[in-house]
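Understanding the architecture of this molecule
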Amino acid sequence: NGQYSCSRYDSDQADSLDPTESEQQMTLAQNLLQQRANELDRLKSEIYNSYVNDSSPQYEIDDYNEKVDTYNSKLTSYKRDASSMSVRIDQYNTQVERRNNYLIAHCTKSY
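Our subject in this report is the structure included herewith. (Residues numbered from 1 in each chain as written. Predicted model: local features only at pLDDT ≥ 70, side-chain atom pairs only at ≥ 80, totals over all residues. Heavy atoms only, no water.)

**Digging into the overall build of the chain**
Worth spelling out the cut-off: Each helix is a run of DSSP H or I of at least 4 residues and each strand a run of E of at least 2, with the numbering of both proceeding from the N terminus. Think of it in three bands: with a 1.4 Å probe and only protein chains considered, a residue is buried below 20% of the maximum accessible area for its type, exposed above 50%, and partly exposed in between.
The helix and strand tally for the chain stands at 3 helices and 2 strands. Along its sequence from the N terminus, the chain presents helices and strands in the succession β-α-α-α-β. Dimensions of the chain, computed from the C-alpha atoms along their principal axes, are close to 75 × 25 × 15 Å. By residue count, 20% of the 111 residues in the chain fall in the buried class.

**Some remarks on the environment of Tyr 51**
Relative to the helices and strands, Tyr 51 resides in the loop between helix 2 (23-48) and helix 3 (58-106). It is 9.8 Å that separates the C-alpha atoms of Tyr 51 and Ile 61, two residues lying 10 residues apart in sequence.

**Focus on the environment of Asn 101**
Counting through the fold element by element, Asn 101 comes out in helix 3. Owing to a relative accessible area of 42%, Asn 101 belongs among the partly exposed residues under this scheme. Taking the C-alpha atoms as reference, Asn 101 lies 33 Å from Lys 79; in sequence the two are 22 residues apart.

**Observations concerning the state of the cysteines**
The following threshold applies: Note on terminology: pairs of cysteine sulfur atoms within 2.5 Å are recorded as disulfides.
On inspection of all chains with the given rule, the structure shows 1 disulfide. Put simply, Cys 6 and Cys 107 are joined by a disulfide, and their sulfur atoms are 2.0 Å apart. Across the disulfide from Cys 6 to Cys 107, rotation about the S-S bond amounts to roughly 115°, and the bridge is consequently right-handed. You can see Cys 6 sitting in the loop between strand 1 (4-5) and helix 1 (8-16) and its partner Cys 107 sitting in the loop between helix 3 and strand 2 (108-109), a full 101 residues away along the chain. Judged by relative accessible area, Cys 6 falls into the partly exposed class, the value being 23%. The class of Cys 107 is buried, set by a relative accessible area of 11%.

Structure, rendered in structure tokens:
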């Protein structure tokens, strides 16, 4: 079983403790979340560097307000998904630790 030598039973037990998501799935999800964070940063910078004021033409004010609304909406969604990702990471780490502890307790380390 990877770096461990186990009986068939212990190997099957260890395999049953595999995380519900793969490391690749976790990495992909984190990368997608980071892309969204980058987009939020870009939009925030665009809003911050805007020179719209009360004297600006209405279409510029409308465009600015639309960007602010978009940012706020995306930020709310991002915060929710970031929190969910944090839970997924904790769950993944717990599952990996549980599997590794089983291997340590029931199998022999291969060198």
